[in-house]
Amino acid sequence: MQVKKLSFDELPSRVTDEISARYKDIQPIEAAVMEFETIAEPTYAISFLDVDRNIIVELTFMDGKIVHENRVTLRTVFKAMEKHPERFGLNWKEAK
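Notes on the structure in this doc start here. (Residues numbered from 1 in each chain as written. Predicted model: local features only at pLDDT ≥ 70, side-chain atom pairs only at ≥ 80, totals over all residues. Heavy atoms only, no water.)

Regarding the overall build of the protein
And then number 1: The number of helices and strands found in the protein is three helices and five strands.
And then number 2: Listed N to C, the secondary structure of the protein is β-α-β-β-β-β-α-α in terms of helices and strands.
And then number 3: Its C-alpha atoms give the protein a radius of gyration of 16 Å, more than 25% over the compact-globule value 12 Å for 96 residues.
And then number 4: Reported as C-alpha extents along the three principal axes, the dimensions of the protein are approximately 50 × 30 × 20 Å.
And then number 5: Buried positions account for 28% of the 96 residues belonging to the protein.
And then number 6: Contacts spanning at least 24 positions in sequence make up 38% of the contacts within the protein whose residues lie at least 6 apart.
And then number 7: Put simply, the protein shows about 7000 Å² of open surface, and 50% of that area lies on carbon and sulfur atoms.
And then number 8: Counting 14 positive and 17 negative side-chain charges, the protein places the averaged centre of each group 9 Å from the other. (Helix = DSSP H or I, 4+ residues; strand = E, 2+ residues; numbered from the N terminus. Rg over C-alpha atoms; globule rule 2.2 N^0.38 Å. Buried < 20%, exposed > 50% of the residue type's maximum accessible area, 1.4 Å probe, protein only. Contact = heavy atoms within 4.5 Å. Areas by Shrake-Rupley, 256 points an atom, 1.4 Å probe, with all protein chains shown as cover. Lys, Arg positive; Asp, Glu negative; His and termini not counted. Charge placed at Lys NZ, Arg CZ, Asp CG, Glu CD.)

Shown next, in the form of structure tokens:
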């Protein structure tokens, strides 16, 4: 298996078209392509911030289709950071 990080500009149009159809205002976080010896088509893993809904989205594309979608609200991320700052490399007490 080979993994390569990509910019959003390097993603195939079928992937970006599907993202644009589902989400209107996004801010890219990261994208990667995974190529397996046993699978002909590459797999794309993409994450981005959906500004309209205040969620972080992770999508996995295989054979031109979304095979996995995960969403988490920004509120959940901030709560996790407050409750477990050490997991995020933060020290909230010093920052306050």
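Things to note about the nonpolar core
Looking at soluble globular proteins, one finds that nonpolar side chains tend to be buried together.
And then number 1: Ranked by internal contacts, the top residues of the largest apolar core, which has 15 residues, are L11, Y44, I46 and F48.
And then number 2: For this core, the secondary structure elements donating two or more residues are α1 (13-22), β2 (26-35), β3 (43-50) and β4 (55-62).
And then number 3: For this core, the leading source of residues is β4, giving four residues.
And then number 4: The residues contacting Y44, other than those within four sequence positions of it, are L6, L11, P12, R14, V15, A32, V33, L59, T60 and F61. (Core = buried A, V, L, I, M, F, W, Y, C linked by side-chain atoms within 4.5 Å.)

A look at the environment of D25
And then number 1: Tracing the chain through its elements places D25 in the loop between α1 and β2.
And then number 2: Separated by 26 residues in sequence, D25 and V51 have C-alpha atoms that sit 5.6 Å apart.
And then number 3: Setting aside chain neighbours within four positions, we find D25 in contact with L49, D50, V51 and D52.

Quick word on the environment of K24
And then number 1: Within the secondary structure, K24 sits in the loop between α1 and β2.
And then number 2: Since its relative accessible area comes to 65%, K24 is described here as exposed.
And then number 3: Between the C-alpha atom of K24 and that of M34, which follows or precedes it by 10 residues, the distance is 26 Å.
And then number 4: A polar contact is formed between the side chain of K24 and the backbone oxygen of A21, at a distance of 3.4 Å. (Polar contact = N/O pair within 3.5 Å; in protein donor to acceptor, adjacent residues only side chain to side chain.)

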